[in-house]
Amino acid sequence: MSIALHHHNSLLTSCKTLRALTQIHASFIKSCLDTDSYFTGKLILQCSISIPGALPYARRLLLSYPRPDAFMFNTLVRGYSQSDNPQSSISVFVEMMRKARIFPDSFSFAFVIKAAASFGSLGTGFQLHCQALKHGLGSHMFVATTLIGLYGECGCVEFARKVFDEMPKRNLVAWNAVVTACFRGNDVAGAEEIFGEMSVRDQMSWNVMLAGYTKAGEVESAKRLFSDMPSKDDVSWSTMIVGFAHNGSFHEAFSCFRELLRAEMRPNEVSLSGVLSACSQSGAFEFGKALHGFVDKAGYSWIVSVNNALIDMYSRCGDVSLARLVFESMPEKKSIVSWTSMIAGLAMYGHGEEAIRLFNEMTESSVTPDKISFVSLLYACSHAGLIREGEDYFSKMKRVYNIKPEIEHYGCMVDLYGRSGKLQKAYSFICQMPVPPTAVVWRTLLGACSSHGDTELAEEVKHKLNELDPNNPGDLVLLSNVYATSGKWKDVASIRKSMIVNKIKKVTGWSLVEVDKAMYKFTAGEKKKGRIITEAHEKLKEIILRLKDEAGYAPEVANALYDIEEEEKEDQVSKHSEKLALAFALARFRQGASIRIVKNLRICRDCHAVMKLTSRVYGVEIVVRDRSRFHSFKDGSCSCRDYW
C-alpha cells in the first residue's frame, strides 16, 4: 500500500464523527478512491459500527456504489442489528438478495437473525431459518447458535432445542446459548438438564445458570450454584447481588456485597448499582450512606450509572436534598437517566414546581426528554395538584416532542384528576382514551373514589374492573372502604363475605424500618411472639396513651369492621405495620436521628394522623415511603399537606 493510501486508511480508522467522515469521503472522491471496493467497504464499516447516527449515510454509500459486495451488505446489516432500528437489517438483507443478487453467507444470516431476535419477530425468524436451510447454512455453527438465541428470545424453547440437537458440531457458545434459551422460555428443568450434560464448562456457563436462576426467582438454587462454582468473577458476584435485590432478598444482597469485599474482589458498576438498588427498595439509608462513602473513596464517583443509583437511593430513602447534592456534583455529563431520576425523586415528595423547573433546565441543556421523563413529570404534577401544568405537559409531549402517550401517561392523567377530586373528568378522560384502559387505570380511579367517598362512581368503576380483573383483593378492599365511609355496612359485609367464600385474601401490609444499620420487618396484625415484636407492641401502647393525653388523639376507625365494639376497632387499626415499625424505632431511638419507614401499601388516615402527632409530641422527624409517595412528618405536620 502506497504512503498516500496508507495515510487515507489511517485517517478513516481514527475518524469518530460523521462530519469528519464526510470530509474524508470528499477527499476519496478527489483521489478517485471512491470506486475502490476496499475503501468503500471501510467507509461503510466505519459509518455502521463506529460513528453514532451514521447508518443512513452508510446506506446511501452502499446504494450509490455500482458493484457492492457481500462484505458491504453484511456490514450494514450488522450495523442495523446493533442499532435502535434493527428492523432495517431485514430490508437491507432483502435488497442484498433481490437487487444485488448476492448470495448471503454465514455472516449475513447471523447478523440478520440477531436483528430479528432484537425486535422479537418469530415470524421473521421462521422465514430467515427457512432461507438459511435453503442456502445450506441451517446447521452452520455460527448461524445455528444465533437461531437458538432467536428462538430463546421469542420463548420457543422447543425450536431452540431442535436446532441445537441437529447441530453436527457444538461449541461452548452453542451450549451456553441453549441453556439461556431454556431460561428465557421459563424451562428451568430443561436448563438444569442441559447444564448437567455439559462435559466442559467455562465461566460463562456458570454465570448463565446463575443469571437464569435469579431471573426465575430461584434464589436458593442460585445460592447453591454460587457456592459450588470453581471460580467466581465480577460477573458472578454482580449477578448474585442484583439477583438478591430483584427478588427482595435485601439482607442477602448486603451480605453478598460485604463478602465480595472480604474476598478482595473489586466491585464493578453493576454490583454497586445492584446493592444501591437494594438500599433503595428496602429504605436502608445508613447502609446506603456508607456505600456512598465507599464509592467516593474507591474512585467510582465518575461513573454515571453509579451516580444515578445514588440519586435513586437517596430519593427513595427519604433524603431528596442529598439526592440533589449528588446530582449537582456529578463530574461527567448527566444522562437522561440522571435527569429523570432526579425529577422522579422530587415527584415522590410532592415537589411538583421544583420538578417542572428541573425538567425545563434539562431541555435547556439540550437533553431531549423521553417517555419515562414525562411519566416522572406528570407524576410530579399529580402529587402536587398541578392540574393545568399537567395538562400542558401532556399536550406538549405529543405536540412538541412527538412522543406518543402510552398507558402509563394516561394513568398519570387519571391520577392527576382523581387526586384533585375531579372524578367525573377522570372518568370522561378514560372513556375518551385512544387505547383500551387497563385494570391499573380503572384501579387508579377507584382509589380516588375511595379517597373522596364517591360510592356511585366507585360501583361503576368496579363493574369495569370485573371485566378485566374480577378477583383482585385490592379492588374489593377499596370498594369496601367506600361503603364503610358512607355507612353502607350491609354492602361492606357482602364484599367481605364474598372474599371469604371465594378465598380471596387481602394483600398483607408490611413495613421495614432501619435501626442501627439493621433492617426490621413488621407485618400488620402480627402476634406478640418474640422479643422484637413484644417490644414494639409495648412501646406502641405507651405512644397511643401519650398521644391521647397530650394531643387529643382519637383513632379513625371508619374502615374497621362495623359489627365489633369500639375498643376492638381501635385495637384493629393500632396493629397496622407502620405503627409497629414506628414504635420499635422509638424504643431504640437515638437522639438526633430520623425514623425512616418503608410500607408496601398506601398509608391509612389513622396511621397518617399518628405519625403527625408523634412527630410533635416526641420531637422526632419521621419519613414514611408508602407505595406511591413520601410523607415527611415534622412538628405535627406532613410534607404532603394532607394531599395524598
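By the naming in an unreviewed UniProt entry, the protein chain goes by DYW domain-containing protein and is assigned to Brassica oleracea var. oleracea. Turning to the protein chain, the UniProt record has this under Sequence similarities (unreviewed entry): "Belongs to the PPR family. PCMP-H subfamily."

By the definition in use, this model includes one cavity of 30 Å³ or more. Its boundaries defined by the atoms lining it, the largest cavity holds a volume of some 40 Å³. Forming the boundary of the largest cavity are Gly283, Arg316, Cys317, Gly318, Arg596, Ile597, Val598, Val623 and Phe630. Looking at the lining of the largest cavity, the element that brings in the most residues is strand E3 (residues 595-599), giving three residues.

In this structure, Ile148 and Leu445 are the most contacted members of the largest nonpolar core, which totals 162 residues. Ranked by residue count, the leading element in this core is helix H11 (residues 172-184), at eight residues. Looking at this core, you find at least three residues from each of domain 1 (1-47) and domain 2 (511-638).

Taken as a whole and judged by the stated rule, the model has 20 salt bridges. Its salt-bridge partner being Arg161, residue Glu193 comes within 3.4 Å of it at the nearest N-O pair. Here Glu193, found in helix H12 (residues 188-197), pairs with Arg161, found in helix H10 (residues 157-165); they are 32 residues apart in sequence, far enough to count as distant. Under the relative-accessibility criterion, Glu193 is labelled partly exposed at 41%. Owing to a relative accessible area of 22%, Arg161 belongs among the partly exposed residues under this scheme.

Rules of the game
What you see as residue numbers is a count from 1 along each chain, following the sequence as written. Totals for whole chains, interfaces and linings use every residue, but because this is a predicted model, local features are given only for residues with pLDDT of at least 70 and side-chain atom pairs only at 80 or more, for both listing and counting. Only hydrogens and water are set aside; all other atoms, that is, all heavy atoms of the structure, feed into the side-chain values. UniProt positions are given in the numbering used here, feature names are shortened, and annotations may be inferred rather than shown by experiment. Space inside and on the surface of the protein is sampled on a 1 Å grid over the protein atoms alone, with a cavity defined as a set of points where a 1.4 Å probe fits but cannot get out and a pocket as an open set with protein on both sides within 12 Å along at least 5 of 7 lines; lining residues have an atom within 4 Å of a point. Grid points are joined across faces, edges and corners, and a volume is the space filled by probe spheres set on the points. By definition, any uninterrupted DSSP run of H or I lasting at least four residues is a helix, any uninterrupted run of E lasting at least two residues is a strand, and each is numbered from the N terminus. Residue types Ala, Val, Leu, Ile, Met, Phe, Trp, Tyr and Cys, when buried and joined through side-chain atoms within 4.5 Å, form a set referred to as a nonpolar core. Partly exposed residues are those whose accessible area sits between 20% and 50% of the maximum for their type, while under 20% is buried and over 50% is exposed, using a 1.4 Å probe and protein chains only. Either an automatic procedure or a domain database provided the assignment from which the domain bounds are taken. By definition here, a salt bridge exists when the distance from a side-chain nitrogen of Lys or Arg to a carboxyl oxygen of Asp or Glu is within 4 Å.

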